[in-house]
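Chain by chain, the residues:
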Amino acid sequence: SQQGEEDPQALSIQEGENATMNCSYKTSINNLQWYRQNSGRGLVHLILIRSNEREKHSGRLRVTLDTSKKSSSLLITASRAADTASYFCATVNNQGGKLIFGQGTELSVKP
Amino acid sequence: EPEVTQTPSHQVTQMGQEVILRCVPISNHLYFYWYRQILGQKVEFLVSFYNNEISEKSEIFDDQFSVERPDGSNFTLKIRSTKLEDSAMYFCASSRDRPSSGANVLTFGAGSRLTVL
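The paragraphs below set out a description of the structure included in this document. All of these numbers come straight from a predicted model, not from anything done at the bench. Chains are numbered independently. Their residues run from 1 in the order of the written sequence. Each chain gets a letter, beginning with A, and each ligand a number, beginning with 1, in the order they are written. Whole-chain, interface and lining totals are the exception, using all residues; otherwise, since this is a predicted model, local features are given only for residues with pLDDT of at least 70 and side-chain atom pairs are given and counted only at 80 or more. In computing side-chain values, all of the structure's heavy atoms are included and hydrogens and water are not.

## A look at the overall build of chain A
So, step 1. Counting from the N terminus, the helices are the DSSP runs of H or I reaching at least four residues and the strands are the DSSP runs of E reaching at least two. Helix and strand content of chain A: zero helices and 11 strands.
So, step 2. Each helix (α) and strand (β) of chain A, taken in turn from the N terminus, gives the series β-β-β-β-β-β-β-β-β-β-β.
So, step 3. Its C-alpha atoms give chain A a radius of gyration of 13 Å, within 12% of the compact-globule value 13 Å for 111 residues.
So, step 4. Taken along the three principal axes of its C-alpha coordinates, chain A extends 45 × 25 × 20 Å.
So, step 5. Per-residue burial over chain A gives 49% buried out of 111 residues.
So, step 6. Contact between two residues is taken to exist if any of their heavy atoms lie within 4.5 Å; hydrogens are not considered. Looking at chain A alone, contacts between residues at least 24 apart form 55% of all its contacts between residues at least 6 apart.
So, step 7. Measuring between centres, the 13 positive side-chain charges of chain A sit 6 Å from its 10 negative side-chain charges. Between the two quantities, the radius of gyration covers C-alpha atoms and the globule rule is 2.2 Å times the number of residues to the power 0.38. The classification of residues rests on relative accessible area computed with a 1.4 Å probe and restricted to protein chains. Under 20% of the type maximum is buried, over 50% is exposed, and intermediate values are partly exposed. We score Asp and Glu as negative and Lys and Arg as positive, and we do not count His or the chain ends. By convention, charge coordinates are those of NZ in Lys, CZ in Arg, CG in Asp, or CD in Glu.

Following this line, the structure appears as structure tokens:
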């Protein structure tokens, strides 16, 4: 299968701390995306990083991609209680196929 | 901000009944998708749709499932004879760019929760 694992499965931090979530995948990819899901709601796109990019920033989000290790990380800096959600990485393979999601990391930010 | 809208938000049905889940994608988007998420599990791809035909489908999307774009705005998922294991949240999504573009960001609806009794 295309998608590997995300870790940790659950992460609990205090407001103001940084949160780092990791994602691994198995096949060559066209791009990797991170999505956020609040409990019981739809997924919201956060950031897309192409296979020829190594790092990307968007506000308090920083995404890295290491294609040699087939892994990516999402860093949320200065976390807020409102960042509490599940975070999923998703990949599109080199054949331009479907977006495949990982298992997700459940982030809890305590005020 | 344009939205993908899904109806119903929650449907309860008896096993063996037919269910139709409806979606209105974003108006200038050309690619449409259905995903499902069984409670507590990951989001699974079901089917992608472009130019009035299925582009790709997963093993989950068997003969019990069908999709249709009946009127140029709605995009529907039909489950002909529901099983208990079809209970899940079903998400519709749309994108402007084709999957191979390297820029295909999906916009998801809020989901339709299907409960099969």
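Moving on, there is more to tell.
## Notes on the sheet that holds strand β3 (residues 19-24) of chain B
All names here are of chain B.
So, step 1. Two strands form a pair only when DSSP identifies at least two bridges running between them. Across the sheet, which stays open at both edges, the four strands sit in the order β1-β3-β8-β7 with antiparallel pairing between neighbours. Two strands bound the open sheet, and with one partner strand each, they are β1 (5-7) and β7 (65-68). Going from strand to strand, the sheet's axes swing by 15° on average, the running direction of each strand aside. Only the stretch in contact is used when fitting a helix axis, every axis being a line fitted to C-alpha atoms; angles between N-to-C directions are given from 0 to 180 degrees.

## Describing unusual backbone geometry
So, step 1. In this chain, D7 of chain A is followed by P8 of chain A through a cis amide linkage whose omega measures -5°.
So, step 2. You can see P8 of chain A is positioned in the loop between β1 (3-7) and β2 (10-14).
So, step 3. Residue P8 of chain B follows T7 of chain B across a cis peptide bond; omega there is -10°.
So, step 4. Mapped onto the elements of the fold, P8 of chain B is located in the loop between β1 and β2 (10-13).
So, step 5. Even without being a glycine, K70 of chain A presents a positive backbone phi close to 50°.

## Considering the pattern of salt bridges
So, step 1. Throughout this description, the term salt bridge denotes a Lys or Arg side-chain nitrogen within 4 Å of a carboxyl oxygen of Asp or Glu. With the rule as written, the count across this model stands at six salt bridges over all chains.
So, step 2. Here E56 of chain B and K98 of chain A are joined by a salt bridge, their closest N and O atoms 2.8 Å apart. Placement of the pair is E56 of chain B in strand β6 (residues 53-57) and K98 of chain A in the loop between β9 (85-93) and β10 (99-101), with the two residues belonging to separate chains.
So, step 3. Among the residues examined, E56 of chain B registers a relative accessible area of 27% and is labelled partly exposed.
So, step 4. On the basis of relative accessible area, K98 of chain A is assigned to the partly exposed category, the value being 22%.
So, step 5. The residue R96 of chain B makes a salt bridge to D97 of chain B at a minimum N-O spacing of 3.3 Å.

## Some details on the state of the cysteines
Residue and element names in this part refer to chain A.
So, step 1. Any cysteine sulfur atom paired with another within 2.5 Å is treated as part of a disulfide. Applying the stated criterion to the full structure yields two disulfides over all chains.
So, step 2. What pairs with C23 in a disulfide is C89, and their sulfur atoms sit 1.9 Å apart. With the S-S bond torsion at 70°, the cross-link from C23 to C89 turns out right-handed. Highlighted residues: C23 in strand β3 (residues 19-25) and C89 in strand β9, separated in sequence by 66 residues. Taken individually, C23 and C89 each receive the classification buried, so the pair is uniform in this respect.

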